Amino acid sequence: MRPFFAQVGRELKLAMRQVGDLAMVVLFFALVAALFPFAIGPEANLLQRLAPGVIWVSALLSVLLSLERLFLADYEDGTLELLVTGPLPLELVVLAKTVAHWLTAALPLVVAVPVVSILYNLSAEAVGWLMLGLALGTPSLSLVGAVGAALALGARRGGVLIPIIVLPLYVPALIFGVMASEAALAGLSAKPYLLFLGAIFLVMLFVAPLAGAAGLRHSVE
Amino acid sequence: MHRFANPGRFQRLADKILPWSAAGAGIALAAGLYLSLVVAPPDYQQGESVRIMYVHVPAAWMALFVYVLIAAASASALIWRHPLADLTARAASPLGAAFALLTLVTGSLWGEPMWGTWWVWDARLTSMLVLFFLYLGHMALMNAFEEPARGYRAAAILALVGVINVPIIKYSVEWWSTLHQPASVVRMGGPTIDASLLWPLLIMALGFKLYFVTLLLLRIKSELAAARLRALQAAKMRAG
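Residues numbered from 1 in each chain as written. Chains lettered and ligands numbered in written order. Predicted model: local features only at pLDDT ≥ 70, side-chain atom pairs only at ≥ 80, totals over all residues.

Trainee: It is not clear to me how the overall build of chain B should be interpreted in this structure. Could you clarify?
Mentor: Of regular secondary structure, chain B possesses seven helices and zero strands. In chain B, the succession of α and β elements from N to C terminus is α-α-α-α-α-α-α. If you line up chain B on its principal axes, its C-alpha atoms span 70 × 35 × 30 Å. Counting every position in chain B, which comprises 240 residues, the buried fraction comes to 39%. Expressed as a percentage of contacts within chain B between residues at least 6 apart in sequence, the contacts between residues at least 24 apart total 75%. (Helix = DSSP H or I, 4+ residues; strand = E, 2+ residues; numbered from the N terminus. Buried ≥ 20, exposed ≤ 12 C-beta atoms within 10 Å, placed from the backbone. Contact = placed C-beta atoms within 7 Å.)

Here it is in structure tokens:
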């Protein structure tokens, strides 16, 4: 376990060296979420109804932005080859990077949701459900994104290719995440949808490191 | 399966099969079209519009079948490094995407008079749209690398990750309440569709399947020919 936590610690330390990058992801999230009211109009009721979906899509796009760098820096300077041949199994390396990615790129978004929700006139209860859904859903987004980043490593136009690969696989998490918020706000139980989000997370927790490691091995061959 | 890893043996097999599958496709499609457009009765509710079903349903079956084929080829490529598996996935992907697009378009054309809308976000249509995007992503990933081998590997992994969508599409009409009708042919308890509608449908499905086999074999043969051409050109450059 120690090498795994050491790997997570390394990723976190590297990310913290450029805190500005993390701030940029949160800023992008806030900007996209702020953009929608300009497009759909300022009517408060409409904004309240659309808020869960809009905030989820903004979070999704923000997570997508930060994915390309997940493996690219290590790929370019040769660290990836060391990781592939190193003592920690490559699947755990992928998992460690994903954990660090979630902590630095997705968790700040969840924390930023209350601030962004002010723009949408959301009640405190709605904000709570939205944060819970995002907290359960964003780990899956990081995991699936890691698979996409590993597969597109070294490709031409990798920045555009990763969203093309990853967005169809994001759709279930998005659907269940938004439905959880909407159910809670309609007075129904959000539990089935949250359970589905948890199920998606558990499946991806198993599948993503395997697929990501397979992709990484092929990229350093 | 591994007997045909030898491209020469595969070429001979393909050359033997091709005339039969092409002729079979032609006959089945001609017979199927005649049966669906002329012989089959109109639906009591939908009238003549039901005849879109004879294109829409076989196209949907093919879109799903081709994805499963690509997933199997991808597994074969990753596990056994079967040389023709990568080419099969490469050749089949655009065909599957075309079938998926045909399904969506004919479904839209059918939905407009029947449901009053070109599109609805129910589970079946949404998961079919996701399948179409998965095909496009597969094609994009395969062609995104300078070195073709990396493209094949990456696309193979993507195809396997996305295969979870196929049972979701199949059972979407059972698990969720959808506007799209539930299964009437491939279901427990046998088909509920009448024989006068079922037989043209099955013959059209056979025609689509044989058409796909013909195109797939032609495409794999052309991929092998292109590889040979590249090898010959490389040898010529080295010699000259």
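Trainee: Would you explain the nonpolar core in this entry?
Mentor: Across soluble globular proteins, nonpolar side chains have a tendency to be buried as a group. A152(A), A63(B), V66(B) and L141(B) are the most contacted members of the largest nonpolar core, which has 133 residues in total. Counting residues per element, this core draws most heavily on helix α2 (residues 53–80) of chain B, which supplies 15 residues. Residues in contact with A63(B), not counting those within four places in the same chain, are G96(B), F99(B), A100(B), T103(B) and L131(B). (Core = buried A, V, L, I, M, F, W, Y, C linked by C-beta atoms within 7 Å.)

Trainee: What is the right way to read the interface of chain B and chain A from this model?
Mentor: Each side of the interface is counted separately: chain B has 15 residues, and chain A has 19 residues. Considering each element in turn, the side of chain B that touches chain A owes the most residues, seven residues, to helix α5 (residues 148–162) of chain B.

Trainee: In this structure, what is going on with the packing of α2(B) against helix α7 (residues 195–239) of chain B? I would like to understand it.
Mentor: For any two helices packed against each other, one specifies the crossing angle of their axes together with the interaxial distance. Residue and element names in this part refer to chain B. Between α2 and α7, whose axes approach to 9 Å, the crossing angle comes to 45°. Comparing their axes, α7 and α2 come out oblique. Here α2 runs over α7; the crossing is right-handed. In this structure, α2 contributes M53, Y54, V57, P58, A59, W61, M62 and V66 to the contact, and α7 contributes P200, L201, M204, A205, F208, K209 and F212. Among the residues forming the contact of α2 with α7, the class breakdown is 14 nonpolar, no polar and one charged. (Axes fitted to C-alpha atoms, helices over the stretch in contact; angles between N-to-C directions. Parallel < 35°, antiparallel > 145°, perpendicular 65-115°, else oblique. Left-handed = near helix turned anticlockwise from the far one by under 90°. Nonpolar A, V, L, I, M, F, W, Y, C, P; charged D, E, K, R; others polar.)

Trainee: How should unusual backbone geometry be read in this particular structure?
Mentor: For residues that are not glycine, phi is negative in most cases, and the peptide bond is trans in most cases. Although it is not a glycine, R157(A) sits at a positive phi angle of roughly 50°. Mapping R157(A) onto the fold places it in the loop between α7 (124–151) and α8 (158–185). On the basis of neighbour count, R157(A) is assigned to the exposed category, with 11 C-beta atoms found within 10 Å. For R81(B), which is not glycine, the phi torsion reads 55° and is therefore positive. Assignment of secondary structure puts R81(B) in the loop between α2 and α3 (83–115). The class for R81(B) is exposed, based on 10 C-beta atoms found within 10 Å.

Trainee: How should I be thinking about the packing of helix α2 (residues 19–40) of chain A against helix α3 (residues 44–65) of chain A in this particular structure?
Mentor: Residues and elements named next belong to chain A. In the contact formed by α2 and α3, the axes pass within 9 Å of each other and the chain directions differ by 145°. Handedness of the α2/α3 crossing: right-handed. On α3, the residues that touch V25, F28, F29, V32, A33, F36, P37 and I40 of α2 are L46, L47, L50, V54, I55, S58, A59, L61, S62 and L65. Residue composition of the contact of α2 with α3, by class: 16 nonpolar, two polar and no charged.

As far as function goes, none of this settles anything; it's purely spatial.
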